[in-house]
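# Report on the structure
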There are 2 protein chains.
Amino acid sequence: MPEDVSLATVAARAGVSVSTVSRIVNGEMRRASPATVARVLDAIEAVGYRPNPVGRALKSGQSQLVAMIAANLDNPAMATIASSTEAALREAGYVMVLCDTHDRPELQDEYLHAMRAQMVRGYVLVAAVASPGLSELSASGAPAVFVTRRNPSGRGPFVGIDDRAAGAAVADYFADLGRRAPAVVFPRLGSSASRDRVSGFLARLRQRGWSEDAIIRADGDGRSHLQIGYDAGARVFGGRDMPDAILCVSDQIAYGVNRRARERGLKIPGDCELVSIDGTPLNQWVAPWLKSIEIPYAVYGAEIVAGLQLLWRGEAFGERLLPYRFG
Amino acid sequence: MPEDVSLATVAARAGVSVSTVSRIVNGEMRRASPATVARVLDAIEAVGYRPNPVGRALKSGQSQLVAMIAANLDNPAMATIASSTEAALREAGYVMVLCDTHDRPELQDEYLHAMRAQMVRGYVLVAAVASPGLSELSASGAPAVFVTRRNPSGRGPFVGIDDRAAGAAVADYFADLGRRAPAVVFPRLGSSASRDRVSGFLARLRQRGWSEDAIIRADGDGRSHLQIGYDAGARVFGGRDMPDAILCVSDQIAYGVNRRARERGLKIPGDCELVSIDGTPLNQWVAPWLKSIEIPYAVYGAEIVAGLQLLWRGEAFGERLLPYRFG
DNA sequence: GACATATTGGCAAACGTTTGCCAAACTGAT
DNA sequence: ATCAGTTTGGCAAACGTTTGCCAATATGTC
């Protein structure tokens, strides 16, 4: 494998200059006679030339790299987003660099700097958290798409679902089902997504006749939604008013709540119905007791890349709310 | 944010040449007088200089990129490996590029080519599949670490567990427990890992008195272990001899088998004990009925990077078998 | 045949780095 | 004062690419 083939190799073999080869490689066919083009194409084929992305990046100031900065890859929802985005980017000729911030602002900033140094073409920020570097990024006008959570510092292109509507849909479901004591469990330090889901849920319940304090609320601390659910479950199931229906703003929170319920000997969904928002496919296998708003994470990738391409072309791209299913 | 600071910027400000700055940046302190060094360091600080990895890569022929080529990011085990590797690489000053092959050899080859073009420093191959490009890679002597599955074409540095021993441990567990009708469920097109787990399990059972055909075997097709388990479950539970203990070679297979058992009204682990090999932390939340050989995926990252660093230094690195826990 | 105008292709600079080599300046010994 | 040896620092080439500009050749018009 002679991996030292460059434009010069091809040029020498075809008996033309480097610039001519470069132009032909880049599709500028009318800058050379058909005969020359053919000769060059043959030479390219013969020596197995592939453009060097590094040389290109240096010259043009832009690499083919796209940075995905995600809060926590251990969350299956994010893993699916990463996976589908990677596929869509490859399809479009780009390469994905994956950065896991573990929800820590300093790490996020470190990555943002490192990625800028790599001259990445764009940024995909999944569940980004507020940080100085992020404000900088927003201000710089670099192509960035926010996913799941909206840009914490200012506006920015967004891919996600209508979180308020999703919350409201669950409220309707509970109400229509005749549940009397609804509850909601969410992370204390909420993202825009969590907040919107909760507020949509609460607003709709109020519309449908519940008083503010008839709705049980429980939040939890930390970055593990599993733990948040488990902790909140202790309070929810330990109080005097047992809920008969709980909205968990993520699958993982529902897993935590369910574990607590199990430990307390409660039947789910018999004693208390659980609904989550996420609906990853794994649920059908390991959590059949869980009803969910299913977010189409597997198609996020295509939407994200479409958004990036709009931004690259200088066109507007505000937000793209994807349809969810209540399954 | 003036992101056009280069060595030249610093050099101009410090009143020295570019080469001097470069040498100081790279720690060659004795090539300049202390006074100069101080001046340059100040200038670096003042203009906020950060070396440009692209220029560096072009000159040196090596980027700071490390390619992780993984078979399927939707599998939580792989997601954990990816996540921990990413953290360890960052720690060591590298940047991880993530490629998801969806278990398809052509895609794997496409990625291998693309990554070589990116002048990546090394390769991490998680559950790699045999392919022409992979043979080439092995032959080229590029730094590559194989994870979970051994190099399908030839030998190569490996990070994983002792799969045969793990299989044997489960056999011992079943035997000690007094189970009479053990079974094993595995993917038909097995990786080295699957094969070793199964053969270790079978060998130990034979040692302990089982005849070859007293052990129920069921395999399944396709790339989804969930589906494999579900399909195999139909056969296992539908046969005349009901197993009273099943080894599933992965968590996801166990999820599939369990779903089938549930649908048939079987009690797990009452009617039939399930043991899997993987033991991702999620099990404790959503699959308390499952006993597992717990593989420490979260520490794979550190091992992988340590292995890469050995390879980079030209030192030998055969294989690293990590301890597992039976929990 | 003279001239304008396309067409075709090469030269050279630039992107940010690293590094071999050479030159100046300094050190100290004679 | 001379010389050798060392320290200090710059010049310039190279990595692979892109692109503005200019030169040469070909084509067309009168």
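That block above? That's the structure.
Parameters at a glance
- Residues numbered from 1 in each chain as written.
- Chains lettered and ligands numbered in written order.
- Predicted model: local features only at pLDDT ≥ 70, side-chain atom pairs only at ≥ 80, totals over all residues.
- Heavy atoms only, no water.
- Helix = DSSP H or I, 4+ residues; strand = E, 2+ residues; numbered from the N terminus.
- Buried < 20%, exposed > 50% of the residue type's maximum accessible area, 1.4 Å probe, protein only.
- Contact = heavy atoms within 4.5 Å.
- Areas by Shrake-Rupley, 256 points an atom, 1.4 Å probe, with all protein chains shown as cover.
- Buried area = accessible area lost by both parts, 1.4 Å probe.
- Salt bridge = Lys/Arg side-chain N within 4 Å of Asp/Glu carboxyl O.
- Polar contact = N/O pair within 3.5 Å; in protein donor to acceptor, adjacent residues only side chain to side chain.
- Axes fitted to C-alpha atoms, helices over the stretch in contact; angles between N-to-C directions.
- Parallel < 35°, antiparallel > 145°, perpendicular 65-115°, else oblique.
- Left-handed = near helix turned anticlockwise from the far one by under 90°.
- Nonpolar A, V, L, I, M, F, W, Y, C, P; charged D, E, K, R; others polar.
- Arc of directions from axis to C-beta.
- Near = heavy atom within 4 Å.
- Pairing = 2+ DSSP bridges.
- 1 Å grid on protein atoms, 1.4 Å probe; cavity = no way out; pocket = protein on both sides within 12 Å on 5 of 7 lines; lining within 4 Å.
- Points joined across faces, edges and corners; volume = space filled by probe spheres on them.
- Right-handed = clockwise from strand over helix to strand, strands pointing away.

## Some remarks on the overall build of chain A
When helices and strands are counted, chain A shows 13 helices and 12 strands. For chain A, the proportion of its 327 residues judged to be buried stands at 54%. Taking the contacts inside chain A whose residues are at least 6 apart along the sequence as the reference set, 67% of them involve residues at least 24 apart. Surface accessibility of chain A: about 13,900 Å² in total, with carbon and sulfur atoms responsible for 50%.

## Topic: the interface of chain A and chain B
Between chain A and chain B, the contact holds 50 residues from the first and 50 residues from the second. Where chain A abuts chain B, roughly 4,600 Å² becomes buried across the two surfaces, and 63% of that area is made up of carbon and sulfur atoms. With its nearest N and O atoms 3.9 Å apart, the salt bridge here joins R90 of chain B to E110 of chain A. There are 14 residue pairs in polar contact (both at pLDDT 80 or more) connecting chain A and chain B. The dominant element in the side of chain A that touches chain B, judged by the number of residues it contributes, is helix α6 (residues 105-117) of chain A, at eight residues.

## Thoughts on the packing of helix α1 (residues 7-14) of chain B against helix α3 (residues 34-47) of chain B
Residues and elements named next belong to chain B. At their nearest, the axes of α1 and α3 sit 9 Å apart, and the two run at 125 degrees to each other. In terms of their interaxial angle, α1 and α3 are classed as oblique. Crossing of α1 over α3 shows right-handed handedness. Between α1 and α3, the residues in contact are T9, V10, R13 and A14 and R39, V40, A43, I44, A46 and V47, respectively. Among the residues forming the contact of α1 with α3, the class breakdown is seven nonpolar, one polar and two charged.

## Concerning helix α7 (residues 132-140) of chain A
Residue and element names in this part refer to chain A. Looking at α7, one finds that the buried residues are G133, L134 and L137. Looking down the long axis of α7, one finds its buried residues gathered within 100 degrees of arc, a one-sided arrangement. Turned more than 90 degrees off the buried face of α7, the exposed positions are P132 and A139. Once α7 finishes, G141 follows within two positions and takes phi at roughly 75 degrees, a positive value.

## As for the protein's contact with DNA strand C
Lining the immediate surroundings of DNA strand C are 27 residues, of which S17, R23, R31 and T36 of chain A together with Y49 of chain B lie closest. Taking the atoms of DNA strand C that fall within 4 Å of the protein, sugar and phosphate contribute 51% of them. A distance of 3.0 Å separates a base nitrogen of DNA strand C from a polar atom in the side chain of S19 of chain A. Within the contact set of DNA strand C, a base oxygen lies 2.6 Å away from a side-chain nitrogen or oxygen of R31 of chain A. Contributions of two or more residues to the surface near DNA strand C are made by α2 (18-25) and α4 (53-60) of chain A together with α2 (18-25) and α4 (53-60) of chain B. When residues in the surface near DNA strand C are grouped by element, the largest group, four residues, is from α2 of chain B.

## Some details on the sheet that holds strand β12 (residues 325-326) of chain A
Residues and elements named next belong to chain A. The six strands lie next to each other as β7-β6-β8-β9-β10-β12, forming an open sheet whose pairing is mixed. Each of the sheet's edge strands pairs with one partner strand only, and the pair in question is β7 (216-220) and β12. Pairing between strand β6 (residues 182-187) and β7: five bridges, direction parallel. Looking at β7, one finds that V185 is bridged to A218. Helix-sheet contacts for helix α9 (residues 192-207) involve β6, β7, β8 (245-248) and β9 (273-278), and the interaxial angle to β6 is about 165 degrees.

## Focus on the environment of R320 of chain B
Residue and element names in this part refer to chain B. With respect to the helices and strands, the residue R320 is situated in strand β11 (residues 319-322). For the pair formed by R320 and D162, sequence separation is 158 residues and the distance between their alpha carbons is 9.3 Å. Discounting chain neighbours no more than four positions away, the residues touching R320 are F158, V159, G160 and E303. Within the local environment of R320, its side chain forms a polar contact with the side chain of E303, the two groups lying 2.4 Å apart.

## Remarks on the pairing of strand β5 (residues 158-161) of chain B
Residue and element names in this part refer to chain B. On β5, burial covers both faces: F158 and G160 on one face and V159 and I161 on the other are all buried. By the bridge criterion, two bridges tie strand β4 (residues 144-147) to β5 in an arrangement that is parallel. Residue pairing in the sheet places V147 in a bridge with V159 of β5.

## Digging into empty space enclosed by the protein
Overall, the coordinates contain four cavities of 30 Å³ or more when judged by the stated rule. By volume, the largest cavity amounts to about 110 Å³. Within the residue set of the lining of the largest cavity, elements represented by two or more residues are α4 of chain A together with α4 of chain B. Along the lines of polarity and charge, the residues of the lining of the largest cavity split into eight nonpolar, six polar and no charged.

## Points about the sheet that holds strand β6 (residues 182-187) of chain B
Strand pairs in the sheet, formed through backbone hydrogen bonds, run parallel or antiparallel to each other. All names here are of chain B. Strand order in the open sheet formed by six strands is β7-β6-β8-β9-β10-β12, with mixed pairing between adjacent strands. With partners counted over all chains shown, the strands left at the sheet margins are β7 (216-220) and β12 (325-326), one partner each. Direction of pairing for strand β9 (residues 273-278) relative to strand β10 (residues 291-294): parallel, over a ladder of four bridges. By the bridge assignment for β10, V275 is matched with K291.

## Describing unusual backbone geometry
Residue and element names in this part refer to chain A. Backbone torsion omega between I268 and P269 reads 5 degrees, so that peptide bond is classified as cis. Among the secondary structure elements, P269 is positioned in the loop between α11 (251-263) and β9. At D278, a position not held by glycine, the phi torsion is positive, near 160 degrees. The residue D278 is located in strand β9 in this model. In this structure D278 comes out as buried when scored by relative accessible area, which is 5%.

## Digging into the pairing of β6 of chain A
Residue and element names in this part refer to chain A. Among the six residues in β6, six count as buried, and that is most of the element. The side-chain alternation of β6 yields two buried faces, one formed by P182, V184 and F186 and the other by A183, V185 and P187. With four bridges joining them, β6 and β8 adopt parallel strand pairing. What sits directly across from V184, in β8, is L247. Regarding the hand of the β-α-β motif, the stretch spanning β6, α9 and β7 is right-handed.

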